[in-house]
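If you want the building blocks of each chain, they are given just below.
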Amino acid sequence: MASLATVAPPSTSASLSDRLDVYARVAVHSGLGLRAGQELLITAPLDALPLVRRVTEHAYRAGASLVTTMYADDETTLARYRFAPDGSFDHAATWLHDGIATAYRSGAARLGITGADPALLSGQNPDRVSRANVALSKASRPALELITRHEINWSIIAAATPAWARAVFPGEAEEAAVGKLWDAILAASRLDTPDPVAAWKQHSAALQSRAALLNEKRYSALRYSGPGTELEVGLADGHLWLGGGTTALNGIPCLPNIPTEEVFTTPHRERVEGTVRSTKPLSYQGTLIEEIAVRFAGGRVVEARAKTGQEVLERMLGTDEGAARLGEVALVPHSSPISASGLLFSNTLFDENAACHIAMGQAYSTCLQHGDTLSGEQLEAAGANESLIHVDWMIGSGALDVDGVTAAGKREPLLRAGEWV
Ligand code: ZN
Ligand code: ZN
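Thresholds, definitions, all that
Residues numbered from 1 in each chain as written. Chains lettered and ligands numbered in written order. Predicted model: local features only at pLDDT ≥ 70, side-chain atom pairs only at ≥ 80, totals over all residues. Heavy atoms only, no water. Donors = N, O, S within 2.8 Å, 3.2 Å for Na, K, Ca; no water. Tetrahedral: all angles 85-135°; square planar, octahedral: opposite > 155°, others 65-115°. Helix = DSSP H or I, 4+ residues; strand = E, 2+ residues; numbered from the N terminus. Phe/Tyr/Trp six-rings, centres within 6.5 Å; stacked < 30°, edge-to-face > 60°. Pairing = 2+ DSSP bridges. Axes fitted to C-alpha atoms, helices over the stretch in contact; angles between N-to-C directions. Buried < 20%, exposed > 50% of the residue type's maximum accessible area, 1.4 Å probe, protein only. Expected span 1.5 Å × (residues − 1). Bend = angle between axes of the 7 residues up to and from the residue. Polar contact = N/O pair within 3.5 Å; in protein donor to acceptor, adjacent residues only side chain to side chain. Contact = heavy atoms within 4.5 Å.

Chemist: Mind showing me how you'd approach the coordination of the zinc ion (ligand 1) here?
Modeler: The reference angle at a metal is 109.5 degrees if four donors form a tetrahedron and 90 or 180 degrees if six donors form an octahedron. Protein coordination of the zinc ion (ligand 1) is provided by E262 (OE), E328 (OE), E352 (OE) and H357 (NE2), with donor distances spanning 2.0 to 2.6 Å. For the zinc ion (ligand 1), the four donor atoms in the first shell make angles of 71 to 145 degrees at the metal, so the coordination geometry reads as irregular. A separation of 3.5 Å is found between the zinc ion (ligand 1) and the zinc ion (ligand 2), which share E328 as a coordinating residue. Of this pair, E262 sits in the loop between β9 (253-254) and β10 (263-265) while H357 is found in strand β17 (residues 357-361), placing the two residues 95 residues apart along the sequence.

Chemist: Could you clarify how one ought to interpret the packing of aromatic side chains in this entry?
Modeler: Two descriptors summarise a pair of aromatic rings, namely the distance from one centre to the other and the angle between the planes of the rings. Summed over all chains, the structure comprises five aromatic pairs. With a centroid separation of 6.4 Å and 85 degrees between ring planes, the pair formed by Y23 and W182 is classed as edge-to-face. Here W182 lies in helix α7 (residues 174-188) and Y23 lies in helix α1 (residues 16-32), a separation of 159 residues in the sequence. Summarising the aromatic geometry, the rings of F264 and Y364 are spaced 6.2 Å apart at their centres and angled 70 degrees between planes, so their arrangement reads as edge-to-face. Remark: Y364 occurs in the loop between β17 and α12 (376-382) and F264 occurs in strand β10; sequence separation between them is 100 residues.

Chemist: Explain the pairing of strand β14 (residues 293-297) to me, please; I cannot follow it from the model alone.
Modeler: On any regular strand, side chains alternate: one points to one face of the sheet, the next to the other face. With four bridges joining them, strand β11 (residues 267-277) and β14 adopt antiparallel strand pairing. Within the sheet, the bridge partner assigned to R277 lies in β14 and is A293. Sheet analysis places β14 next to strand β15 (residues 300-305), joined by five bridges and oriented antiparallel. Counted as the bridge partner of R295 is E303 from β15. In this structure, the hairpin formed by β14 and β15 is closed by a connection of two residues, where G298 is found at a positive phi of approximately 60 degrees.

Chemist: Explanation requested: the sheet that holds strand β2 (residues 66-72) in the structure shown.
Modeler: Paired through their backbone hydrogen bonds, the strands of a sheet run either parallel or antiparallel. Taken in spatial order, the four strands make up an open sheet running β2-β1-β3-β4, and their pairing is parallel. In this open sheet, the two strands that pair with only one neighbour each are β2 and β4 (154-158). Shown here is a sheet whose adjacent strand axes are inclined to one another by a mean of 15 degrees, direction ignored. Bridge count between strand β3 (residues 109-114) and β4: five bridges; the pairing is parallel. By the bridge assignment, T114 is partnered in β4 with A158.

Chemist: Looking at this structure, how should I read the coordination of the zinc ion (ligand 2)?
Modeler: Protein coordination of the zinc ion (ligand 2) is provided by E328 (OE), H390 (NE2), D392 (OD) and D392 (OD), with donor distances spanning 2.0 to 2.6 Å. Coordination geometry of the zinc ion (ligand 2): the four donor atoms subtend angles of 55 to 145 degrees at the metal centre, consistent with an arrangement described as irregular. One chain supplies every donor for the zinc ion (ligand 2), spaced along it as E-x61-H-x1-D. By relative accessible area, H390 is classed as partly exposed at 25%. For D392, a relative accessible area of 8% puts it in the buried group.

Chemist: What exactly am I supposed to notice about helix α5 (residues 126-148) here?
Modeler: Residues three or four positions apart in an α-helix share a direction because the helix packs 3.6 residues into each turn. Compared with an ideal rise of 1.5 Å per residue, which puts 23 residues at 33 Å, α5 spans 27 Å between its outermost C-alpha atoms and falls more than 12% short. At R141, α5 is deflected by roughly 60 degrees, the largest bend along its length, and proline P142 occurs up to four residues later in sequence. Regarding α5, its N-cap is N125, as a side-chain oxygen of that residue lies 2.8 Å from the backbone nitrogen of D127 further along. Phi for H150, located one or two positions after α5, is positive at around 55 degrees.

Chemist: Would you take a moment to explain the pairing of strand β18 (residues 390-394) for this structure?
Modeler: The element β18 is largely enclosed, with a buried count of four among its five residues. Relative to β18, β17 runs antiparallel, the two sharing five bridges. Each bridged residue has a counterpart across the sheet, and for I358 the counterpart in β18 is W393.

Chemist: Explanation requested: the side chain of S346 in the structure shown.
Modeler: Relative to the helices and strands, S346 resides in the loop between α10 (337-340) and α11 (348-351). Given a relative accessible area of 12%, S346 falls into the buried group. Setting aside residues no more than four positions away along its own chain, S346 makes contact with P118, S283, L288 and D351.

Chemist: Honestly, the sheet that holds strand β20 (residues 411-416) in this entry has me stumped. Any pointers?
Modeler: Strand order in the open sheet formed by eight strands is β15-β14-β11-β6-β5-β19-β20-β21, and the pairing between neighbours is antiparallel. Looking at strand neighbours, the two that pair on one side only are β15 and β21 (419-420), the edges of this open sheet. Strand direction decides the pairing type here: strand β19 (residues 401-405) and β20, joined by four bridges, are antiparallel. Of the residues in β20, the one forming a bridge with G404 is E412.

Dropping the structure here:
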């Protein structure tokens, strides 16, 4: 059998502009499932402009009524930390996020294009970074709730920006690094096939059937064993495994993440015990947090250490009462194409799909049976966590074993040495 290294992906011979066009088409049709007459709201780094233009064209061809893009720029973000008054970091543009929520309520779809410099804020005062983030989380909560409840069709894709590419390929000249990062993004996004829209349909169906199998099992907990990890994660009562595409409450099928390799569900906020170690660095608010080791008792992190970024980690866990508890548990085989690339992307969209992960903070109500109809108290009673944050970090590797624990306490192997049994 030919190894991956000896088979050149067919599309790399195509120009980057042609490949971006395919990516944009996949984002609009497979990612968003954009409907004629829908508005589309895009957020993107300024450096993603060529991709945004391709997406915008495909959105209008699909019948979009209006495409609006909000750009972010690293330099202007840093200008705030350099020159803004200290007292202003508790402030966020609430009016803007209210407007975004209004757009969703009136039927707009949402595309996020990630690509920020993963270390952008690493040299900034952690107190300011944390305050700005809390203010942003509060301001964006109404809009974010519509997203996490899947009220609308939404998707996240990525663009290779110079700052991000330099972080992933240090030592390369900027142009070469950007080219390599685009190759990695497009390969991980399964675009190197003759019909990527059909390939995504098939891959999404495979993830959905994996989730359906796990849902039949009704496990009460997952048991993780690996280097530095001996962890039991109780699953929420009435938890629901999801994976691949989902049908939003507006009736439109969408793929919230491109790429996606995970099946995931809601853990019980009070039933997590033991120790767990990260297997990849976490990029959080512009700081790399490396070699995280935490101990859970009664569902809560009671000890947390990191080789770098300890202070940022502690602030993150102290954001609010739910920030030190789990909101998501996800299984990803070690052989996923992203993991096989061997790259550390320092971007959650890619790194979380390279490895089994857990998330601190907010749970997805969609990962509970009839979750969209449950009240806040009912969600809490089922064990779903609530927080201003949702931060995924990677705990999977080729040395991780995971068992499902049945209601009767019997253990069944799910992953061995990082692969599905
Ligand atoms: Zn996840
Ligand atoms: Zn997550």
